[in-house]
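Architecture and fold: a report
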Amino acid sequence: TAPSPEELAARPPLAITLLNERGANPTYKPGEEFRMTVETSENAYVYCYYSDAAGSVARIFPNRFQPNSYVAGKHSIEVPSRDAPFSIQFDRPGAREEVACAASDRELGLHLPTELKGGDLQPLPVANLENLLGQFEAIDPKGLKVGRLPINVSQ
């Protein structure tokens, strides 16, 4: 059964945190690899996307090596995981790139348009991260939480 309005009101609000060993606004050199930790305050379904210097957006979590979008509250996951056979490497000096993660207590990925459910690690048919996050917000306007991590690529 669905939780009552009182039970919902008693729940603490969901929060999502993107952590990186280089801080909240990390800088990388071309060729360096990116990794981050995602943590949610409560159990949540999480979707993370990477926007490169050209504005291309790709889903990096869940992915074929970490296929489950469910993240237990107060537990962290590493994206990409250390044992994943892929990495995110930077190649455009002077670029601004970004990772954004959408989290909800609902499995929002099931409700995304088909073209956004496509392959992981592949460019998606969206104009930018804002456009993509708007799709999630349209599905869950009240419960959606977004974490963002801007990335600088040095010269």
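Structure's up top.
Anyway, here's the lowdown on the structure attached to this text. Since we're looking at a predicted model, the values are computed, not measured.

1. Observations concerning the pattern of salt bridges
Scanning the entire structure with this criterion turns up eight salt bridges. Two residues, Asp120 and Arg64, come together in a salt bridge whose shortest N-O distance is 2.8 Å. Highlighted residues: Asp120 in the loop between strand S10 (96–104) and helix H2 (129–139) and Arg64 in the loop between strand S6 (57–61) and strand S7 (70–71), separated in sequence by 56 residues. The exposure class of Arg64 is exposed, given its relative accessible area of 52%. For Arg82, the salt bridge identified is with Glu78, shortest N-O distance 3.3 Å. The class for Arg82 is exposed, based on a relative accessible area of 62%.

2. Topic: the packing of aromatic side chains
Considering all chains together, one arrives at seven aromatic pairs under this definition. Between Tyr28 and Phe90, the ring centres sit 4.9 Å apart and the planes meet at 35°, which makes this aromatic pair tilted. Of this pair, Tyr28 sits in strand S2 (residues 27–28) while Phe90 sits in the loop between strand S9 (88–89) and S10, and the two are 62 residues apart along the sequence. On the numbers, 5.5 Å between centres and 65° between planes, the contact of Tyr45 with Tyr70 is edge-to-face.

3. So, the state of the cysteines
A complete count under the given rule lists one disulfide for this structure. Across a sulfur-sulfur distance of 2.1 Å, Cys48 and Cys101 are joined as a disulfide pair. One quick way to see it: the torsion about the S-S bond of Cys48 and Cys101 is about 110°, and its sign makes the bridge right-handed. One end of the pair, Cys48, is in strand S5 (residues 44–51); the other, Cys101, is in strand S10, with 53 residues separating them in the sequence.

4. Description of the pairing of S10
A large share of S10 lies buried, amounting to eight of its nine residues. Here seven bridges tie S5 to S10, and the two strands are oriented antiparallel to one another. The residue bridging Cys48 from the neighbouring strand is Cys101, located in S10. Judged from the eight bridges that link them, S10 and strand S11 (residues 145–153) form a sheet pairing that is antiparallel. Bridge pairing links Ala100 to Arg148 in S11.

Calculation rules
Residues numbered from 1 in each chain as written. Predicted model: local features only at pLDDT ≥ 70, side-chain atom pairs only at ≥ 80, totals over all residues. Heavy atoms only, no water. Salt bridge = Lys/Arg side-chain N within 4 Å of Asp/Glu carboxyl O. Helix = DSSP H or I, 4+ residues; strand = E, 2+ residues; numbered from the N terminus. Buried < 20%, exposed > 50% of the residue type's maximum accessible area, 1.4 Å probe, protein only. Phe/Tyr/Trp six-rings, centres within 6.5 Å; stacked < 30°, edge-to-face > 60°. Disulfide = S-S within 2.5 Å. Pairing = 2+ DSSP bridges.

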